[in-house]
Amino acid sequence: MVELRDSLDHPDTEEPVRDSGTARWLPLRFLTSELGLIFHRRRNIAGLGVLAAVPVILAIAVKTSGGGGGGPDFVSSIVGNGLFVAFAALTLQLPLFLPLAVATIAGDAVAGEANIGTLRYLLTVPAGRTRLLAVKYAAIVIFGFAAIALIALVGSVLGLALFGGGDMILFSGTTVGFAEALGRLLLTCGYLGCGLAALGALGLFVSTLTEQPIGATVAVVLVNLMMLICESVDQLSWLHPWLLTTWWTAFGDLLRDPIATADLQRGLLTFGAYALVFWLLAWARFTTKDITS
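All figures in this text were calculated on a predicted structure; none of them were measured in a lab.

Asks: Could you clarify how one ought to interpret the pattern of salt bridges in this entry?
Replies: Two side chains carrying opposite charge are able to pair once their charged atoms lie near each other. Across all of its chains, the model carries six salt bridges by this definition. Taking the shortest distance from any N to any O, the salt bridge between Asp108 and Arg41 comes out at 2.7 Å. Taken together, the residues span a long stretch of sequence, with Asp108 in helix α6 (residues 97–109) and Arg41 in the loop between α2 (20–40) and α3 (42–64) at a distance of 67 residues. Via salt bridges that share partners, Glu34, Glu113 and Lys136 belong to a single interconnected network.

Asks: How should I be thinking about the packing of aromatic side chains in this particular structure?
Replies: The geometry of an aromatic ring pair is captured by two quantities: the separation of the ring centres and the angle between the planes. Using the criterion set out here, one finds 10 aromatic pairs in the structure. Between Phe84 and Phe171 the ring centres are 6.3 Å apart and the planes differ by 25°, which places this aromatic pair in the stacked class. Residue Phe84 is located in helix α5 (residues 84–93), and its partner Phe171 is located in the loop between β1 (168–169) and β2 (175–176); the two are separated by 87 residues in the primary sequence. Residue classification places Phe171 among the partly exposed positions, given a relative accessible area of 26%. Judged by centre distance (6.1 Å) and plane angle (45°), the rings of Phe205 and Phe278 are tilted. Residue Phe205 is located in helix α10 (residues 178–207), and its partner Phe278 is located in helix α13 (residues 262–288); the two are separated by 73 residues in the primary sequence. The two residues Phe205 and Phe278 agree in class, both being buried. One aromatic cluster is present, formed by Phe74, Phe84, Phe87, Phe171 and Phe251 through successive ring pairs. Sitting over the face of the ring of Phe286, Arg129 holds its NZ or CZ atom 5.8 Å from the ring centroid. Positioned over the ring face of Trp242 is Arg266, at 5.6 Å from the centre of the ring.

Here is what the cut-offs are and how they apply
- Residue indices begin from 1 for each chain and proceed along its sequence in written order.
- Note on the predicted model: pLDDT of at least 70 is required for a residue's local features to be given, and 80 or more for side-chain atom pairs to be given and counted; whole-chain, interface and lining totals, by contrast, use all residues.
- Hydrogens and water are ignored here; the side-chain numbers use all heavy atoms of the structure.
- Between Lys or Arg on one side and Asp or Glu on the other, a salt bridge is scored when a side-chain nitrogen of the former is within 4 Å of a carboxyl oxygen of the latter.
- In this description a helix means any DSSP run of H or I spanning at least four residues, a strand means any run of E spanning at least two, and both kinds are numbered starting from the N terminus.
- Ring pairs shown here join Phe, Tyr and Trp side chains whose ring centres sit within 6.5 Å, with only the six-membered ring taken for Trp; geometry is labelled stacked below 30 degrees between planes, edge-to-face above 60, and tilted in between.
- Buried, partly exposed and exposed residues are distinguished by accessible area as a fraction of the type maximum, computed with a 1.4 Å probe on protein chains only: under 20%, between the cut-offs, and over 50%, respectively.
- A ring has a charge above it when a Lys NZ or an Arg CZ is no more than 6 Å from the ring centre and no more than 35 degrees off the ring normal.

Listed below in structure tokens is the structure:
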């Protein structure tokens, strides 16, 4: 990974990381290396394949069933515009698949390095613990956005091929052109990406608490499921505004005319608060942690 791993591959190199110009670009090289590791691991590729398969299954199921009505608004609207395949696929994967994908990457961020014994060697590179943690988090965020973009892309392409595009009828009953509908899909991807970034910060914090990446992943998934359970209990309504999962489905307001911004703004504030608090907790833990592996 970055200069350290380069030097391991080329033992005759004389400490190139100590050059000030190289040090300036070190975070970028860290990030590039981290993204390379994430997107080249077979288990992550397989996970992305599962995410991409959901819109395919959904589109084929609706097409072969003759587009029968019923079901969630997004699903029942697919026959009217193929872009709704992307919206429906994102909605279906929000409770488990997308959180699981992000939890896997976040849980492995620090705990994975500690588990295989490379963490303390990475820290010998003059980047510092703060920069290392920032790069790890940036990679988690990028992966989350990439996963959402993949689902949206596959769903849009297949949906348009099977059901066509054109104007889109919004939930408020008004009609918008294809370009605006596509823009609203992009806004949806951005909004959900921010939500997964918040969950990724939680996962990063958990990853600093253990040397077992599987344990960290399971813990994050369980926390996500716990929030979903709490959201379904009416007696805990006072807690609902503080849960991440409460605001994930607020992206449906992007399909109204005019766009209802109240829940979207509250959701973004909640996502930002989670991301800030848990990243700072991860930083506090990581910068004071005794690295032994």
